[in-house]
Amino acid sequence: FCRLGRKSEGLLRTVATMGVIKSGKVVIVLQGRFAGRKAIVVKAYDDGNAERRFAHAMVAGIDRAPRKVTRSMSKEKIQKRTKMKPFLKYVNYTHLMPTRYVVDLDLKKIVDESGLKEGKAEARKAIKKVFEERYHQQSSAKKEKKAAGTMYFYKKMAF
């Protein structure tokens, strides 16, 4: 276990209040089951809410990243290798590390607050569909900066 010093804990609080973690930002989850996984912030709660009285964010990320594809592979094999497993979770700001990348995926429509508890499986399936469609059309990004964020998001972390 790595305990943060008082200075760095204060720094994390200021990051939360500065508004660095916004919707569409690519983050890395640092703690828990999905530690080391990349995710996209769906909705940020800087001041918390009634259920969670701390700064947190709803994130959607990739639990199992797509595998490497070569030109010689058939379309069926490419489809099979590019399947991914998404996750959907509320995460405390202290367990998120924001990156410089932003993605232009609109996930708020898919994941609404009322439907998260009841329809989490349906929301995960919808997110999977959006992630896989966007993975196949990576070149269709509107801006170069957002295209770089998309490329970074889908690349598996090496550690």
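Since the structure is predicted, the reported quantities are computational estimates derived from the model, not experimental observations.

Reading the values: the criteria
Within every chain, residues take consecutive numbers counted from 1 along the sequence as written. Residue-level local features of this predicted model are given only where pLDDT is at least 70; pairs of side-chain atoms are given and counted only at 80 or more, and the full residue set underlies all totals for whole chains, interfaces and linings. Only hydrogens and water are set aside; all other atoms, that is, all heavy atoms of the structure, feed into the side-chain values. Salt bridge criterion: a side-chain nitrogen from Lys or Arg within 4 Å of a carboxyl oxygen from Asp or Glu. Relative accessibility under 20% of the residue-type maximum defines a buried residue, over 50% an exposed one, and the middle range a partly exposed one, all with a 1.4 Å probe and only protein chains included. By definition, any uninterrupted DSSP run of H or I lasting at least four residues is a helix, any uninterrupted run of E lasting at least two residues is a strand, and each is numbered from the N terminus.

Asks: Can you break down the pattern of salt bridges residue by residue, with the values?
Replies: Scanning the model with the defined rule gives four salt bridges in all. For Arg52, the salt bridge identified is with Glu51, shortest N-O distance 3.4 Å. A relative accessible area of 53% means that Glu51 is categorised as exposed. A salt bridge links Asp104 to Arg134; the shortest N-O distance between them is 3.1 Å. On the criterion of sequence distance, the pair formed by Asp104 in the loop between β5 (96-102) and α3 (113-118) and Arg134 in helix α4 (residues 120-136) is long-range, its members being 30 residues apart. You can call Asp104 partly exposed: its relative accessible area is 22%. By relative accessible area, Arg134 is classed as buried at 10%.

Honestly, it's all geometry; don't read function into it.
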